[in-house]
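Listed below are the residues making up each chain.
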Amino acid sequence: MVARRNHLHRRESSNEGVALTNLGISDHLMTNPACPITGDPAIRHVQSVTTGLLIDLWRYTPLYRVDARSSFKDLEKLDLWESPTGLYFFEPRPEGDHAFYATIYKNIGKSKRWSSKRKGWRREFDVAARYVMPHDRVLDVGCAFAGFRDMIPQARYTGLDPNFADEDPLGQVLDESLGDHVAKAAGAYDVVCAFQVVEHLADPLTFYKELVLAAKPGGLIVVGVPQARSAVTRIPNWLVNAPPHHLTWWTRDALMELARRGGSEPELIEEMRWSSFDSLSYWIERCSPVKATNRHYKGDWWWHGASVVSWAGGLIANKLFPVPKGRPGDCGNLLMVARKAG
């Protein structure tokens, strides 16, 4: 264990330390990249992070224990930027590959989740279910354990998720990409959903346009995303929000631009209250002796120690206390419901 920690520290010191020592100089040489939604130049460089640090964090964090090297390919450094809409985005944006997600699903016990009560339930499922009418055709993209299906028994449900299709006991989750499915089912659905999917993709606007294509004229598109500047983004070295997993963090303005540029009009953009599904994140942030603000990933011992303390305290608090209400702007997720033109 000591050897692993020493390896983590040495790698961070050798890789990230040099890059960040010269960050003040390199910042002046950077060309601000385009926002992946609007195409406008980013307004602020938040931080640089080496892929070496992220690879080590993914490898040695007990919950994940995954080798992310193949997802990063030959990238050595990523930069986190803020766009004029408040969207935080990494540049470049390397998506997690099949090997990355296959290992994560295996390590968190994928098969056990199919039989659990209210599997993968989230607060956003309750809100989205209010928009589903009896006999509506619903497409749930990136559906994972098909948790939303349990909330809408009155609907005709189809899920898309290549990582979970072969384990769905009802056979309603298909092993198809959204693009392939839309090619044969464009305009077929009353409601098209993507809960916590957009942030995983390098090109969220193209993906959203495909969601809109799947909906009927006048149909609904429902999207859930992680919120920027929330309790979750204040957790130091929080891997859930890190590449190659999450590539973007969202705001209301960013969602509004996504909807309109994708061919729809937003009807609801709402911050989701904490639920039993994500309340652990709230307590981890509350218990952390370090709060990440303008720096979110760092490879020193104080941050590694803070991660251990916050996880231990968060797990205890999450068992002892009820689901928190949270403050406005503090909760981890946003939900948007938009309507397709026509």
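See the structure above.
(A) A look at the overall build of the protein. Each helix and strand in the protein was counted, giving 11 helices and 11 strands. Expressed as a percentage of the 342 residues in the protein, the buried residues total 55%. Long-range pairs, those at least 24 residues apart, make up 74% of the contacts in the protein between residues at least 6 apart in sequence. Of the roughly 15,200 Å² that the protein leaves accessible, carbon and sulfur atoms contribute 55%.

(B) Quick peek at the side chain of E271. Considering the arrangement of structural elements, one finds E271 in strand 10 (residues 264-272). Although E271 lies buried, it forms no salt bridge, and the closest oppositely charged side chain, R252, sits 4.3 Å away as judged by the N-O distance. Within the structure, E271 has its side chain in polar contact with the backbone nitrogen of D330 (distance 3.1 Å). A distance of 2.8 Å separates a polar atom in the side chain of E271 from the backbone nitrogen of C331. Among residues more than four places away in sequence, those in contact with E271 are Q227, R252, R327, P328, G329, D330, C331, N333 and L334.

(C) Up close: the packing of helix 8 (residues 204-214) against helix 9 (residues 252-261). Across the interface, helix 8 lies against helix 9 with an axial gap of 9 Å and an inter-helix angle of 55 degrees. Taken together, the axis directions place helix 8 and helix 9 in an arrangement best described as oblique. Crossing geometry of helix 8 relative to helix 9 is assigned as right-handed. On helix 9, the residues touching P204, L205, Y208 and K209 of helix 8 are L258, A259 and R261. Residue composition of the contact of helix 8 with helix 9, by class: five nonpolar, no polar and two charged.

(D) Local environment of the sheet that holds strand 2 (residues 77-82). Strand order in the open sheet formed by four strands is 1-2-3-9, with antiparallel pairing between adjacent strands. Each edge of the open sheet carries a strand with a single partner, namely strand 1 (44-50) and strand 9 (248-249). Examined bridge by bridge, strand 1 and strand 2 share six bridges and lie antiparallel to one another. Within strand 2, the position partnered with T50 by the bridge is K77. Sheet strands in contact with helix 3 (residues 51-60) are strand 1 and strand 2, and its direction is about 65 degrees off that of strand 1.

(E) Spotlight on the pairing of strand 11 (residues 333-340). Buried residues dominate strand 11, accounting for seven of its eight residues. Alignment of strand 8 (residues 215-226) against strand 11, held across seven bridges, turns out to be antiparallel. Across the sheet, residue V225 finds its bridge partner in strand 11, namely L334. Of the pairings in the sheet, the one linking strand 10 to strand 11 comprises eight bridges and is antiparallel in character. If you follow P266 over to strand 11, its bridge partner there is A338.

(F) Quick peek at the nonpolar core. F207, Y208, L211 and W250 are the most contacted members of the largest nonpolar core, which has 38 residues in total. Going through the elements one at a time, strand 4 (137-141), helix 7 (178-185), strand 7 (189-195), helix 8, strand 8, helix 9 and strand 11 are the ones with two or more residues in this core. In terms of residues, this core owes the most to one element, helix 8, which gives six residues. The contacts of W250, once residues within four sequence positions are left out, are I37, L87, V198, E199, P204, V225, P226, Q227, A228, L255, L258 and L334. Counting residues in hydrophobic clusters, the runner-up holds 26 residues, among them L54, I55, L80 and W249.

(G) Structural detail: the environment of T38. Along the polypeptide, T38 turns up in the loop between helix 2 (23-29) and strand 1. Judged by relative accessible area, T38 falls into the buried class, the value being 13%. Taking the C-alpha atoms as reference points, T38 and A254, 216 residues apart in sequence, are found 8.7 Å from one another. Setting aside chain neighbours within four positions, we find T38 in contact with T85, E257 and R261. One polar contact links the side chain of T38 to the main-chain amide nitrogen of D40, over a distance of 3.1 Å.

(H) Layout of the sheet that holds strand 4. Ordered by their spatial adjacency, seven strands build an open sheet running 6-5-4-7-8-11-10, and the pairing between neighbours is mixed. At either margin of the open sheet sits one strand with a lone partner, and together these are strand 6 (173-174) and strand 10. Here strand 4 runs beside strand 5 (residues 156-160); their pairing, made up of five bridges, is parallel. From the neighbouring strand, V141 faces strand 5, where its bridge partner is L160. Contacting strand 4, strand 7, strand 8, strand 10 and strand 11, helix 8 runs over the sheet at an angle of about 145 degrees to strand 8.

(I) Broad picture of unusual backbone geometry. Omega for the bond connecting E91 with P92 falls within 30 degrees of zero, at -5 degrees, which places this linkage in the cis form. The residue P92 is located in the loop between strand 3 (88-91) and helix 5 (98-107) in this model. The peptide bond linking P243 to P244 adopts the cis configuration, its omega dihedral lying at 5 degrees. Residue placement: P244 occurs in the loop between strand 8 and strand 9. In the Ramachandran plot, A146 falls in the positive-phi region, its phi being about 60 degrees despite a non-glycine side chain. Within the secondary structure, A146 sits in the loop between strand 4 and strand 5. A relative accessible area of 0% means that A146 is categorised as buried.

What counts and how
Residues numbered from 1 in each chain as written. Predicted model: local features only at pLDDT ≥ 70, side-chain atom pairs only at ≥ 80, totals over all residues. Heavy atoms only, no water. Helix = DSSP H or I, 4+ residues; strand = E, 2+ residues; numbered from the N terminus. Buried < 20%, exposed > 50% of the residue type's maximum accessible area, 1.4 Å probe, protein only. Contact = heavy atoms within 4.5 Å. Areas by Shrake-Rupley, 256 points an atom, 1.4 Å probe, with all protein chains shown as cover. Lys, Arg positive; Asp, Glu negative; His and termini not counted. Salt bridge = Lys/Arg side-chain N within 4 Å of Asp/Glu carboxyl O. Polar contact = N/O pair within 3.5 Å; in protein donor to acceptor, adjacent residues only side chain to side chain. Axes fitted to C-alpha atoms, helices over the stretch in contact; angles between N-to-C directions. Parallel < 35°, antiparallel > 145°, perpendicular 65-115°, else oblique. Left-handed = near helix turned anticlockwise from the far one by under 90°. Nonpolar A, V, L, I, M, F, W, Y, C, P; charged D, E, K, R; others polar. Pairing = 2+ DSSP bridges. Core = buried A, V, L, I, M, F, W, Y, C linked by side-chain atoms within 4.5 Å.

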